[in-house]
Each structure stands twice: as structure tokens, then as C-alpha cells.
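So the chains spell out like this:
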Amino acid sequence: MSELVKWIDFPPLGDQRGSLVAVESNQTIPFDIKRVYYLFNTLEGVTRGMHAHLALKQVMLCVTGSCKVLLDDGSTRESITLDSPIKGLLLESLVWREMSEFSPDCVLLVIASEHYDENDYIRNYDNFKSLAKS
Ligand code: T46
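Nothing here was measured: the structure is a model prediction, and the numbers come from that model.

Undergrad: Sorry, what's going on with the sheet that holds strand E1 (residues 6–9) here?
TA: Working definition: the strands of a sheet are paired by backbone hydrogen bonds and lie parallel or antiparallel to each other. Sheet architecture is open: five strands sit in the order E1-E9-E6-E11-E4, paired in antiparallel fashion. The open sheet has two free edges, formed respectively by E1 and strand E4 (35–40), since each of these has just one partner strand. The average undirected angle you get between the axes of adjacent strands in this sheet is 30°. Where E1 meets strand E9 (residues 87–91), four bridges bridge the pair, whose relative direction is antiparallel. Bridging from a neighbouring strand, Asp 9 pairs with Lys 87 of E9.

Undergrad: Even after reading the chapter, I still don't get the nonpolar core, so can you show me in this structure?
TA: Proteins that are soluble and globular tend to have nonpolar side chains buried together. Residues Met 60, Cys 67, Val 69, Leu 71, Leu 82, Leu 89 and Leu 108 are the most contacted members of the largest nonpolar core, which totals 18 residues. Among the elements of the structure, strand E6 (58–64), strand E7 (67–72), strand E8 (77–82), E9 and strand E11 (107–112) are those that each provide at least two residues to this core. In terms of residue count, the dominant contributor to this core is E7 (three residues). Setting aside its immediate chain neighbours within four residues, Met 60 contacts Val 69, Leu 82, Gly 88, Leu 89, Leu 91, Met 99, Leu 108, Leu 109 and Val 110.

Undergrad: How should I be thinking about the pattern of salt bridges in this particular structure?
TA: Pairing between side chains becomes possible if they bear opposite charge and their charged atoms approach one another. Applying the stated rule across the entire model yields six salt bridges. Put simply, Arg 77 and Asp 72 hold a salt bridge, and the shortest N to O gap is 2.8 Å. Residue classification places Arg 77 among the partly exposed positions, given a relative accessible area of 47%.

Undergrad: Explain the site of the ligand to me, please; I cannot follow it from the model alone.
TA: The local shell around the ligand holds 13 residues, among which Arg 35, Arg 48, His 53, Gln 58 and Tyr 121 are the closest. Residue Arg 35 places a side-chain N or O atom 2.5 Å away from an oxygen atom belonging to the ligand. Protein chains shield 66% of the accessible area of the ligand, which is 650 Å² for the free molecule. Broken down by secondary-structure element, the contributors of at least two residues to the shell around the ligand are E4, strand E5 (48–53), E6 and strand E10 (96–100). In the shell around the ligand, the residues fall into six nonpolar, four polar and three charged.

Undergrad: Teacher, can you tell me more about the pairing of E10 here?
TA: Regular strands have side chains that alternate between both faces of the sheet. Burial analysis of E10 places five of its five residues in the buried class, which makes it a mostly covered element. Both E5 and E10 contribute to a ladder of three bridges, which runs antiparallel. If you follow Arg 48 over to E10, its bridge partner there is Met 99. Where E7 meets E10, five bridges bridge the pair, whose relative direction is antiparallel.

Undergrad: Teacher, can you tell me more about the layout of surface pockets here?
TA: The calculated volume of the largest pocket comes to roughly 170 Å³. At the level of elements, E4, E5, E6 and E10 are the ones that each hand at least two residues to the lining of the largest pocket. Residues of the lining of the largest pocket, tallied by class, amount to seven nonpolar, four polar and four charged.

Undergrad: Just checking my understanding: could you explain the packing of aromatic side chains for this structure?
TA: Aromatic rings considered in pairs are described by the distance between their centres and by the relative angle of their planes. Tallied over the full model, the rule gives five aromatic pairs. With 5.9 Å between their ring centres and 65° between their planes, Tyr 116 and Tyr 121 make a pair best called edge-to-face. A relative accessible area of 18% means that Tyr 121 is categorised as buried. An aromatic cluster of three or more residues is present, and its members are Trp 96, Tyr 125 and Phe 128. The side chain of Lys 87 reaches across the aromatic face of Trp 7, ending 4.5 Å from its centre.

The rules behind the values
- Residues numbered from 1 in each chain as written.
- Predicted model: local features only at pLDDT ≥ 70, side-chain atom pairs only at ≥ 80, totals over all residues.
- Heavy atoms only, no water.
- Pairing = 2+ DSSP bridges.
- Helix = DSSP H or I, 4+ residues; strand = E, 2+ residues; numbered from the N terminus.
- Axes fitted to C-alpha atoms, helices over the stretch in contact; angles between N-to-C directions.
- Core = buried A, V, L, I, M, F, W, Y, C linked by side-chain atoms within 4.5 Å.
- Buried < 20%, exposed > 50% of the residue type's maximum accessible area, 1.4 Å probe, protein only.
- Contact = heavy atoms within 4.5 Å.
- Salt bridge = Lys/Arg side-chain N within 4 Å of Asp/Glu carboxyl O.
- Near = heavy atom within 4 Å.
- Polar contact = N/O pair within 3.5 Å; in protein donor to acceptor, adjacent residues only side chain to side chain.
- Areas by Shrake-Rupley, 256 points an atom, 1.4 Å probe, with all protein chains shown as cover.
- Nonpolar A, V, L, I, M, F, W, Y, C, P; charged D, E, K, R; others polar.
- 1 Å grid on protein atoms, 1.4 Å probe; cavity = no way out; pocket = protein on both sides within 12 Å on 5 of 7 lines; lining within 4 Å.
- Points joined across faces, edges and corners; volume = space filled by probe spheres on them.
- Phe/Tyr/Trp six-rings, centres within 6.5 Å; stacked < 30°, edge-to-face > 60°.
- Lys NZ or Arg CZ within 6 Å of the ring centre and 35° of its normal.

Here you go:
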């Protein structure tokens, strides 16, 4: 199994009326949750992300629709598809990410370990490569 791609399964709860997923700090999510945001209405052909984070950890999943995520830890690159509301991707710090091929109905939910902080972003790929190596 890939070291870079870490899946998190969200057991579907619910009954004959429909499904439900519970997201809880330090249970399904392996950190304290400080922020939740979601990306939607992403236009066709757009690539988002294109950065890494110094400390932030995140779990992302498509509540509806699908998108591709390219992951890069400085030595390995891997591309996966997110297309399930019960399967999330754990993104550790110091992983370069690019999200693309958003379906028109895609809602990408992101659960984050830290509050928003622009200083945590590494937006230059060469800087990221040097940091990842060290
Ligand atoms: C990531 C991927 C998956 C805020 O004001 N607060 C927030 O919590 C976030 C996430 C963003 N913003 C502002 C900053 C920008 O003006 O919203 C705007 C769009 O954010 P950004 O260009 O960073 O969006 P993406 O899709 O490129 O990246 C986001 C996250 O920023 C990033 O941490 O891992 O989604």
C-alpha cells in the first residue's frame, strides 16, 4: 500500500430512510478539528491547491461528485480520485497537492487541524522540494 495515499473510512450510519456519516475529532479524524470548509462550484478545467502546508493536516472527501487529487511528498507523486462520501483522504503536512477535474456537482469537504494561516502555505514548488528533502 502507498505511504503517500492514506484513506480514512467513514462508516455509513443510518437506516431505511437514508445514510448518515458522523465526523468526530480524534476518532474518525486523527487530530483535533479546528476548521471545516468546502469547495464547490469549481469551474471546468480549473486546478486548485498547488501548494503544501508546513504544519496543517487535513482530511478531504467529496460529499457529492468527484475530483482528482495529485499528491507529491517531494520524492513520489500519486494521483487519486475522490468520489465517495464515505472515503476520505488524509493529507499530512509537507505534501504538495493539486485538485483538478472537478465534476459540476462536486462538493469537496475539508476538515482541518488548524485555523486558516497564510504563513503555513508553501506555494513555491522548489522551496517545497528543499523543505521535503531536509
Ligand atoms: C488546501 C486545499 C484543499 C480563507 O479565508 N479561509 C480558509 O479557511 C481557506 C481554506 C481559504 N480562505 C480564502 C483564501 C483565498 O482568498 O479563500 C480563498 C481561496 O482559498 P485558496 O486559494 O487557498 O483555495 P484552494 O482551493 O487553492 O486551497 C484550499 C486550502 O486553502 C488549502 O489549505 O489544502 O483547499
